[in-house]
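Tertiary structure, described
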Amino acid sequence: MAENTPKPSKAPVNAISPIRANDFPEWYQAVVAAADMAENSEVRGCMVIKPWGYGIWELMQAQLDKMFKATGHKNAYFPLFIPLSYLEKEAAHVEGFAKECAVVTHHRLEVGPDGKLVPSGKLTEPLVVRPTSETIIGATYAKWVQSYRDLPLLLNQWANVVRWEMRPRIFLRTTEFLWQEGHTAHETEQEALHETRRMLDVYETFARDHLAIPVITGSKSVSERFPGAVDTLCIEAMVQDRKAVQAGTSHFLGQNFAKASGIQYLSREGKQEFAWTTSWGVSTRLIGTLIMAHADDDGLVLPPRVAPTQVIIIPIIPKDEQRKEILKACGALAQQIETQCFHKEGTRVEVDQRDIQGGTKTWEWIKKGVPIRVEIGPRDLEAGTVFVGRRDKGPKEKQSYPKEEFAAQVPALLQSIQDAIYERAVAFRRENTKVIDSKEEFYAFFTPKNPDKPEIHGGFALAHWNGSTEVETKIKEDLKVTIRCIPFEEMPQPGTCIFTGEKSTQRVVFAKSY
């Protein structure tokens, strides 16, 4: 090869294989595994959430719980098993969940003739394993509510639910998952409507400020509403394969469930009235959304506010005789860092003292998504510096800081990372959101160029729609595209439905989704 001939550039080496662009579903599974977050269990459709994944959920839970309590809600717990007759009381509700229900029919096991255990003791009435709790909570509220003085009831429960899932995917769709479900009962329709919107605003704030995920807020179309609800409000997120994820919902149930469950109260005028109710919830699906929104081809990328470890200190120990001094310096720095306040809490810091190579440690923490990595070795001790890497930047992009000054800068660094992750997600959504004014353009937008192995395509389409369920069904059949939400707009701009030519009150958000 001639001296002046440029050498071919090496392809970047990534920790995750395949990369996002080549196989997004497999990339997602690889990120979960590399970050050691969760794994499939022996029970099909169920997952084992490992400490790192559960640590993220614990932080989400604690932060949301504080927000719920700040709005006057209290926690309670209701039974896992729901009598079948309870679900039958609300026709739309039972129809919507019937195919997803797991049902308990027996209460005892006995040894059969072949020595194997067989169910015995048939129940008088089958019990449904909780898919959601509107009916059983409604039955309880009916006992608790007698007068308008008993209202409002503002309760939330942290629980698990079971919905039989045919196509499971860790965190996104599992047969059993963890969630919170708020259930409230009110004296007036206006109070219940206010509650429905207030809790959606809580979810929007949490997604934006804690998870660094921009979301669109709005109402669901009639066909996409929660079964039995009068209206369903939602937050919709875009992830990196340009699909939508319904990240949280808040339902105005009107008096439907109150009438089914008999939640009545004596009004101020001395009349028997039915209460107005709401329900709202988010689940461990938020973890899947977080992964798909922020992770890269080197693994998980965690916004600092929900990172179980915000700062990892990695001792670099080339010789055993240097171990004691380096570990002492790392411990002292950790103590300084954990006293620094980030969003009214001490900073979560850890020293990785495992007896393995520093490079191995570094890549493990990169794959786990820890926001700040700090390396301290013999040269750093001599120079009085630390070597710092940020997870929102490339693994080789590191910066040296004076050791004595670094701890005080950690909160600002964490906020800078939080903001950068959010702004990157906002820019991605902006780049992949398109205003569409013709049916042909719409179909082209959502049709992959390679139908055998579809590439990442589409995004959020903002298009006029006439409100027809038939049009909605046709689009879903043709393209697997649904109306994700009808955005809240102070002054909706009317136009012409791109599918029928009929009048439309405003643009809605179409997308493929999880």
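Quick look at the structure, then. Since we're looking at a predicted model, the values are computed, not measured.

What to know about helix H8 (residues 285-294)
Here H8 lies mainly inside the structure; 10 of its 10 residues are buried. All buried positions along H8 are accounted for by Arg285, Leu286, Ile287, Gly288, Thr289, Leu290, Ile291, Met292, Ala293 and His294.

Quick word on a nonpolar patch on the surface
Taken together, the side chains of Leu109, Val111 and Leu117 present a nonpolar region at the surface, about 330 Å² in accessible area. Looking at the element boundaries, Leu109 is found in strand E5 (residues 102-111).

Quick notes on empty space enclosed by the protein
Summed over all chains, the structure comprises 1 cavity of 30 Å³ or more. The space that makes up the largest cavity amounts to roughly 80 Å³. Along the walls of the largest cavity sit Glu134, Ile137, Gly138, Tyr141, His183, Thr184, Leu253, Phe257, Ile263, Thr277 and Thr278, which together make up its complete lining. At the level of secondary structure, the elements contributing two or more residues to the lining of the largest cavity comprise helix H5 (134-144), strand E8 (176-186) and strand E14 (276-283). Among the elements that line the lining of the largest cavity, the one with the most residues is H5, at 4 residues. Broken down by class, the residue content of the lining of the largest cavity amounts to 5 nonpolar, 5 polar and 1 charged.

Looking at unusual backbone geometry
The linkage connecting Ser17 with the following residue, Pro18, adopts the cis geometry, with an omega of 0°. Positionally, Pro18 belongs in the segment before helix H1 (24-34). Residue Arg242 is not a glycine yet carries a positive backbone phi of 70°. Structurally, Arg242 can be placed in the loop between strand E10 (231-238) and strand E11 (244-254). Residue Arg242 is classed as partly exposed on the basis of its relative accessible area, which comes to 25%. One non-glycine residue, His343, lies in the positive phi region at around 55°. In this structure, His343 sits in the loop between strand E16 (341-342) and strand E17 (345-346).

Structural notes on the sheet that holds strand E18 (residues 349-351)
Pairing is mixed across the open sheet formed by 5 strands, whose spatial order is E18-E15-E19-E20-E21. The strands lining the two open edges of the sheet, one partner per strand, are E18 and strand E21 (398-402). Put simply, the sheet's adjacent strands are angled 25° from each other on average, direction ignored. Sheet analysis places strand E15 (residues 311-315) next to strand E19 (residues 372-376), joined by 5 bridges and oriented parallel.

A word on the environment of Glu404
Tracing the sequence through the fold places Glu404 in helix H12 (residues 403-431). In this structure, the C-alpha to C-alpha distance between Glu404 and Thr385, residues 19 residues apart in sequence, is 7.8 Å. Polar side-chain contacts of Glu404 include one of 3.4 Å to the side chain of Lys403.

Some thoughts on the packing of helix H2 (residues 51-70) against H8
Their axes nearest at 10 Å, the elements H2 and H8 cross at an angle of 110°. Between H2 and H8, the interaxial angle falls into the category roughly perpendicular. Along its contact with H2, which presents Gly53, Ile56, Trp57 and Met60, the element H8 presents Leu286, Ile287 and Leu290. In terms of residue class, the contact of H2 with H8 is built from 6 nonpolar, 1 polar and no charged.

Things to note about the pairing of E5
Sheet analysis places E5 next to strand E6 (residues 117-129), joined by 8 bridges and oriented antiparallel. Directly across from Val103, in E6, lies its bridge partner Val128.

Quick notes on the sheet that holds E5
Read across the sheet, 3 strands follow the order E4-E6-E5 without closing on themselves; strand pairing throughout is antiparallel. Edge positions in the sheet fall to strand E4 (81-83) and E5, since each of these pairs with one other strand and no more. For this sheet, the mean angle separating the axes of adjacent strands, direction not counted, is 45°.

A short note on the pairing of E6
Pairing geometry for E4 and E6, over 3 bridges, is antiparallel. The partner of Pro83 across the bridge, within E6, is Leu127. A loop of 5 residues connects E5 with E6, the two strands running antiparallel in sequence, and Gly115 in this loop sits at a positive phi of about 85°.

Observations concerning the environment of Lys512
Tracing the sequence through the fold places Lys512 in the segment after strand E27 (507-511). For Lys512, a relative accessible area of 17% corresponds to the buried category. Through-space distance from the C-alpha of Lys512 to that of Arg242 is 8.0 Å; in sequence the pair is 270 residues apart. When residues no more than four places from it in sequence are discounted, the contact partners of Lys512 are Lys243, Ala244, Phe446, Pro448, His457, Leu479, Lys480 and Val481. Here the side chain of Lys512 touches Phe446 through a polar contact of 3.1 Å, landing on its backbone oxygen.

Procedures and definitions
- Residues numbered from 1 in each chain as written.
- Predicted model: local features only at pLDDT ≥ 70, side-chain atom pairs only at ≥ 80, totals over all residues.
- Heavy atoms only, no water.
- Buried < 20%, exposed > 50% of the residue type's maximum accessible area, 1.4 Å probe, protein only.
- Helix = DSSP H or I, 4+ residues; strand = E, 2+ residues; numbered from the N terminus.
- Patch = residues over 30% accessible without salt bridge, like charges linked within 9 Å, V, L, I, M, F, W, Y side chains within 5 Å.
- Areas by Shrake-Rupley, 256 points an atom, 1.4 Å probe, with all protein chains shown as cover.
- Salt bridge = Lys/Arg side-chain N within 4 Å of Asp/Glu carboxyl O.
- 1 Å grid on protein atoms, 1.4 Å probe; cavity = no way out; pocket = protein on both sides within 12 Å on 5 of 7 lines; lining within 4 Å.
- Points joined across faces, edges and corners; volume = space filled by probe spheres on them.
- Nonpolar A, V, L, I, M, F, W, Y, C, P; charged D, E, K, R; others polar.
- Pairing = 2+ DSSP bridges.
- Axes fitted to C-alpha atoms, helices over the stretch in contact; angles between N-to-C directions.
- Polar contact = N/O pair within 3.5 Å; in protein donor to acceptor, adjacent residues only side chain to side chain.
- Parallel < 35°, antiparallel > 145°, perpendicular 65-115°, else oblique.
- Contact = heavy atoms within 4.5 Å.

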